[in-house]
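If you want the building blocks of each chain, they are given just below.
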Amino acid sequence: MSALVSAKSMLGALGRGLSTLNGWFGRGLKELMPKGLYARALLIIIVPMVILQSVVAFVFMERHWNTVTRRLSAAVVQDISALIDVYKSYPQDKDRVQLRRIAQTRLGLVVDFLPPNDMPAPGPKPFFSLLDQTLSLQLSRQIGRPFWIDTVGRSNTVEIRIKLEDTVMRIYAQRSAAYASNSQIFIFWMLGTSSILLIVAVLFLRNQIRPILHLADAAENFGKGRDAPNFRPRGAREVRRAAQAFMEMKERVERSLEQRTTMLAGVSHDLRTILTRFKLELALLGDAPEAEGMRKDVDEMSGMLEDYLAFARGDGGEQATLTDMAQALEELASDAERHGHPVRVGFEGDPMVTVRPASFKRCLANLVSNAARHADTIAITGFRDDRWLTVTVDDDGPGIPLQLREEVFKPFLRLDDARNQDEGGSGLGLAIARDIARAHGGDITLADSPLGGLRAAVRVPV
């Protein structure tokens with residue numbers, strides 16, 4: 001029983017080890033794999049082709065090239081062995097005229113005879129020469145006499161010398177008769193055609209990937225509040241279907257925003273008409289003491305109405321244009337300084353950014369006004385790189401507790417519990433600012449400021 005428990009624990013430990021190893025291997029492979037669709041599709045094409053080429057080349061080299069070369073070399077050595085037998089059996093042919101004629105006309109070999117001592121010393125053999133290895137093996141097996149071969153001296157022929165009892169037989173054979181010389185041509189054509197097919201596949205694949213990239217760019221521009229006027233469905237059927245669905249969704253969203261804007265414009269017109277009547281009636285009352293409080297209430301109601309409509313409308317009808325952000329930050333600083341708040345401004349990088357200028361300026365103005373309401377010193381800093389525009393608004397005020405920094409972006413939420421209109425706004429400033437930032441494809445985050453107060457950072461893609 002104890003042995004069974006021990007074996008079970010060992011198997012469990014082995015299984016956990018294999019699972020951990022598999023996890024490491026999977027994570028490593030994931031890190032090495034390309035992230036883009038184009039690169040992955042190319043990998044899907046190239047890897048099977050390379051494996052197939054390798055298998056075909058190995059099979060060809062092992063089964064065809066080696067086998068054919070061995071058989072050709074064996075045939076040549078058999079012919080040479082037959083000539084040696086003729087040389088021994090017919091000593092009456094002293095000049096070996098008939099032997100040379102038979103070798104030349106019947107076997108395609110050039111044979112002559114050298115003095116017995118004319119046998120070169122063995123030279124270095126090529127390491128990767130299949131012909132040299134195969135021919136040497138066949139000569140050793142079939143003839144069994146001292147020999148010397150030269151497979152690299154001449155390009156089209158092979159020289160073989162065999163030592164006999166009273167002479168050295170020298171034979172010149174065609175390289176093609178002992179060696180499968182067309183194998184390199186096969187490999188060349190195989191690699192050449194594969195390269196051509198791979199180039200064609202890459203070109204076609206790029207054309208198939210391009211519509212997906214255009215769809216991604218159109219979706220990204222729509223998320224940033226920009227238009228994509230030249231976008232239309234292209235590519236394969238599935239890509240066209242996705243592009244058509246995106247265009248229909250975009251039209252529905254725009255139609256919904258247009259209907260909401262039209263409705264809010266009507267509500268705004270009606271409410272402003274009533275407020276205008278109030279103002280006219282208050283003007284007719286003159287400078288009566290009881291009219292001063294009513295004027296203040298009407299002004300507050302007008303400001304609250306503008307905030308509510310701006311939050312509900314979202315400033316979605318404005319078109320994105322190229323805007324000088326350095327100049328926009330200077331204008332914000334000037335507005336704040338006119339109200340008695342000192343502001344430091346700085347900008348790094350290219351200031352020209354494509355945004356909705358009025359709505360983005362309203363976003364930053366809400367952050368600046370929120371800082372001016374609670375702090376004495378304000379610093380506005382802009383930074384633009386290849387991908388992002390970041391604008392930070394720092395102040396030296398009391399800041400916001402960490403647990404409330406996400407809650408303050410909720411509409412109508414104010415940190416003053418009494419909701420005293422003399423001390424706070426409508427509770428929509430930060431909500432409107434974040435809504436505008438997200439309409440540009442970015443966001444707003446709150447953090448501790450180096451000045452000791454709160455830092456509000458707006459980060460939008462460029």
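Throughout this description, residue numbers start from 1 for each chain and increase along the sequence as written. Reporting in this predicted model follows two pLDDT cut-offs: at least 70 for local features of residues, and 80 or more for side-chain atom pairs to be given and counted; totals over whole chains, interfaces and linings ignore these cut-offs and use all residues. Note that the side-chain values use all heavy atoms of the structure and ignore hydrogens as well as water.

**Regarding the overall build of the protein chain**
Moving on, step 1. Secondary structure elements are defined from DSSP: runs of H or I of at least 4 residues count as helices, runs of E of at least 2 residues count as strands, and each element is numbered from the N terminus. Helix and strand counts for the protein chain stand at eleven helices and eleven strands.
Moving on, step 2. Only protein chains enter the accessibility calculation, which uses a 1.4 Å probe; a residue whose area is less than 20% of its type maximum is buried, one above 50% is exposed, and one in between is partly exposed. In the protein chain, which comprises 462 residues, the share counted as buried stands at 32%.
Moving on, step 3. The criterion used for residue contact is that any of the two residues' heavy atoms lie within 4.5 Å. For the protein chain, the proportion of contacts with a sequence separation of at least 24, taken over those separated by at least 6, is 64%.
Moving on, step 4. As displayed, the protein chain offers around 28600 Å² of accessible surface, 60% of which is attributable to carbon and sulfur atoms. Using a 1.4 Å probe, the Shrake-Rupley method yields the accessible areas, and only the shown protein chains count as cover for residues.

**Observations concerning the sheet that holds strand β8 (residues 378–384)**
Moving on, step 1. In space, the five strands of this open sheet follow the order β6-β8-β9-β11-β10, with mixed pairing throughout. A single partner strand is all that each edge strand has here, and the edge strands are β6 (343–348) and β10 (443–448). In this sheet, adjacent strand axes meet at a mean angle of 15° when their direction is disregarded.
Moving on, step 2. Inspection of the sheet shows strand β9 (residues 388–395) paired to strand β11 (residues 454–461) by seven bridges, in the antiparallel sense. Each residue of the ladder has a partner; that of L389, found in β11, is V460. Any two strands with at least two DSSP-identified bridges between them are counted as paired. Fitted lines through C-alpha atoms give the axes, limited to the stretch in contact for helices. The angle between two N-to-C directions lies from 0 to 180 degrees.

**Details of the environment of F231**
Moving on, step 1. Along the chain, the position of F231 falls in the loop between α6 (183–223) and α7 (237–285).
Moving on, step 2. On the basis of relative accessibility, which here comes to 16%, the residue F231 falls in the buried class.
Moving on, step 3. The spatial distance from the C-alpha of F231 to the C-alpha of A218 is 6.9 Å, given a sequence separation of 13 residues.

**What about helix α11 (residues 429–439)?**
Moving on, step 1. Every buried residue belonging to α11 is among L430, A431, I432, A433, R434, I436 and A437, and all of these are buried.
Moving on, step 2. Phi for G441, located one or two positions after α11, is positive at around 85°.

**Section: the packing of aromatic side chains**
Moving on, step 1. Only the six-membered ring of Trp is used, alongside the rings of Phe and Tyr, when aromatic pairs are assigned; centres must lie within 6.5 Å, and planes under 30 degrees apart are stacked while those over 60 apart are edge-to-face, with the rest tilted. One pass over the full model with this rule turns up two aromatic pairs.
Moving on, step 2. Centroid distance Y87 to F113: 5.2 Å. Interplanar angle 20°. Geometry classified as stacked. Here F113 lies in strand β1 (residues 110–114) and Y87 lies in helix α2 (residues 37–89), a separation of 26 residues in the sequence.
Moving on, step 3. Taken together, a centroid distance of 6.0 Å and an interplanar angle of 85° make the contact between F231 and F246 edge-to-face. Placement of F231 in the loop between α6 and α7 and of F246 in helix α7 is noted, with a sequence separation of 15 residues between them.

**Structural notes on the pattern of salt bridges**
Moving on, step 1. We define a salt bridge as a contact between a side-chain nitrogen of Lys or Arg and a carboxyl oxygen of Asp or Glu at a distance within 4 Å. On inspection of all chains with the given rule, the structure shows 13 salt bridges.
Moving on, step 2. Notably, a salt bridge pairs E159 with R161, separated by 2.8 Å at the nearest N-O pair. Comparing E159 with R161, the two get one shared label, buried.
Moving on, step 3. For D443, the salt bridge identified is with R438, shortest N-O distance 3.3 Å.
Moving on, step 4. What makes D443 partly exposed here is its relative accessible area of 26%.
Moving on, step 5. The partly exposed category is assigned to R438, whose relative accessible area is 45%.

**As for the sheet that holds strand β2 (residues 147–150)**
Moving on, step 1. Across the sheet, which stays open at both edges, the four strands sit in the order β1-β4-β3-β2 with antiparallel pairing between neighbours. Here the strands that pair on one side only, and so sit at the sheet edges, are β1 and β2. With direction set aside, neighbouring strand axes in the sheet form an average angle of 15°.
Moving on, step 2. Here β1 runs beside strand β4 (residues 168–174); their pairing, made up of five bridges, is antiparallel. Paired with L114 across the strands is V168, a residue of β4.
Moving on, step 3. Against the sheet, helix α4 (residues 130–142) touches β2 and β3 (157–163), its axis set at about 160° to β2.

**A short note on helix α9 (residues 325–338)**
Because each turn of an α-helix spans 3.6 residues, side chains separated by three or four positions end up pointing in the same direction.
Moving on, step 1. One less than the residue count of a helix, multiplied by 1.5 Å, gives the span that helix is expected to have. Relative to the 20 Å expected for 14 residues at 1.5 Å per residue, α9 spans 20 Å between its end C-alpha atoms, a close match to the ideal helical length.
Moving on, step 2. The complete set of buried residues in α9 reads M325, A328, L329, L332, A333 and A336. What you see down the axis of α9 is that its buried residues fit within an arc of 140°, all on one side.
Moving on, step 3. Contact partners of the buried residues in α9: β5 (321–324), β6, β7 (352–355), α10 (357–374), β8 and β9.
Moving on, step 4. Counting of polar contacts relies on pairs of N or O atoms within 3.5 Å, with two restrictions inside protein: one atom must be capable of donating a hydrogen and the other of accepting it, and residues adjacent in sequence are counted only when both atoms are side-chain atoms. The backbone nitrogen of A326 has a side-chain oxygen 3.2 Å away, supplied by the residue at the start of α9, namely D324.
Moving on, step 5. Backbone geometry just after α9 places G340 at a positive phi near 90°. It is the directions from the helix axis to the C-beta atoms that the arc portrays.

**What to know about the packing of α10 against α11**
Moving on, step 1. Following both chains from N to C, one finds α10 and α11 inclined at 145°, their axes separated by 8 Å at the closest point. The interaxial crossing formed by α10 with α11 has left-handed handedness. Together, S359, F360, R362, C363, N366 and L367 of α10 and G429, L430, I432, A433 and I436 of α11 make up the contact between the two elements.
Moving on, step 2. Amino acid classes used here: Ala, Val, Leu, Ile, Met, Phe, Trp, Tyr, Cys and Pro are nonpolar; Asp, Glu, Lys and Arg are charged; the rest, including Gly, are polar. Here the contact of α10 with α11 is composed, by residue class, of seven nonpolar, three polar and one charged. We call a crossing left-handed when the near helix sits turned anticlockwise from the far one by less than a right angle, and right-handed when that turn is clockwise.

**Focus: the packing of α9 against α10**
Moving on, step 1. The contact between α9 and α10 brings their axes to 11 Å, and the two run at 40°. In this view, α9 runs oblique relative to α10, as classed from their interaxial angle. Here the hand of the crossing between α9 and α10 comes out right-handed. Facing α9, whose interface residues are M325, L329, E331, L332, D335 and A336, α10 presents F360, K361, L364, A365 and V368.
Moving on, step 2. In terms of residue class, the contact of α9 with α10 is built from eight nonpolar, no polar and three charged. Just so you know how the angles are binned, under 35 degrees is roughly parallel, over 145 roughly antiparallel, 65 to 115 roughly perpendicular, and the rest oblique.

Any functional reading would require information beyond the geometric quantities listed.
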